[in-house]
Amino acid sequence: ARTFLPLANATTLILTADGALLNGNTSLNLTEEDLYLLDDSMDRLHASFTVYYASPDRRYLIGHDISVLVAAPEELPLYLLEQLLTPPEDSGLRSALPAGTRFQNITIEDGLCTVDVSSQFNDRRFFNLSAQCLSLLSVVNTLTALEQIDRVEFTVEGDLLIRYGTMTISEPLVRDE
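Keep in mind that this is a model prediction, so the values were computed, not measured.

*Asks:* So what exactly am I meant to see when it comes to the overall build of the chain here?
*Replies:* In terms of helices and strands, the chain carries four helices and ten strands. Within the chain, the fraction of its 177 residues that count as buried is 36%. Relative to all contacts within the chain whose residues are 6 or more apart in sequence, the contacts with residues 24 or more apart total 55%. When the accessible surface of the chain is totalled, it reaches about 11100 Å², and 50% of it is carbon and sulfur.

If you want it as structure tokens, here you go:
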């Protein structure tokens, strides 16, 4: 309608559906006054999320709010995790993840999110137990803020992570405030 109505001498656009109903009729007459367009899709797709970084001394997790344009909701978990790799400038925060960590794949099924990380996550893990916990919990706390995720398990290059440093991981991890 927006394409044809601006044409010279066009005042009405008639849409006809053979055998189908449009607004209870087989045809629909539209005028310029019938068209009211409000594009609020950007507002509906804009949301705030909290991602978790390490404090400068790597002793605590600190939540940092970010605003995200969610164009493809299925890509949101991976996007949030990628934010963990680079803390905001001038914040003093540090990534809680070992250098070189990359997120290979993420799957979500029945509230369980499986995060497949590169080998650097395990090979370059921090030696301090507290920093190791922060590495895991920065991912877990960031993801479990999403409605569809309530627990997280890790795989390294496709193999289930059952030991991280001195910690044994016997079941999926849940949010830890």
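Back to the text.
*Asks:* Can you help me understand the packing of aromatic side chains in this one?
*Replies:* Remark: the centre distance and the inter-plane angle together describe each pair of aromatic rings, the angle taken between the planes. Summed over the entire model, instances satisfying the criterion amount to two aromatic pairs. Ring geometry for F121 and F154: centres 5.6 Å apart, planes at 5 degrees, overall stacked. Within this pair, whereas F121 is found in helix 3 (residues 120-123), its partner F154 is found in strand 7 (residues 151-156), the two being separated by 33 residues in sequence. Of the residues examined, F121 reaches a relative accessible area of 0% and is grouped as buried. Between the aromatic rings of F121 and Y164, the centroid separation amounts to 4.8 Å while the plane-to-plane angle is 20 degrees, which identifies the pairing as stacked. Within this pair, whereas F121 is found in helix 3, its partner Y164 is found in strand 9 (residues 163-164), the two being separated by 43 residues in sequence. Taken as a pair, F121 and Y164 share a single burial class, namely buried. Here the aromatic cluster, defined as three or more aromatic residues joined through ring pairs, consists of F121, F154 and Y164.

Parameters at a glance
- Throughout, a residue's number is its position along its own chain's written sequence, starting from 1.
- Totals for whole chains, interfaces and linings use all residues, but because this is a predicted model, local features are given only for residues with pLDDT of at least 70 and pairs of side-chain atoms are given and counted only at 80 or more.
- Side-chain measures here rest on the full set of heavy atoms in the structure, leaving out hydrogens and waters.
- Numbering of helices and strands starts at the N terminus; helices are DSSP runs of H or I of at least 4 residues and strands are runs of E of at least 2.
- When a residue's accessible area, from a 1.4 Å probe over protein chains only, is under 20% of the maximum for its type it is buried; when over 50% it is exposed; and in between it is partly exposed.
- Whether two residues are in contact is decided by their heavy atoms: any pair within 4.5 Å suffices.
- The protein chains shown are the only cover counted for residues, whose accessible areas, like all others here, come from Shrake-Rupley with a 1.4 Å probe.
- Here a pair means two rings of Phe, Tyr or Trp (six-membered ring of Trp) with centres within 6.5 Å. Their orientation is stacked below 30 degrees between planes, edge-to-face above 60, and tilted elsewhere.

The values reported here are purely geometric and, on their own, carry no functional implication.
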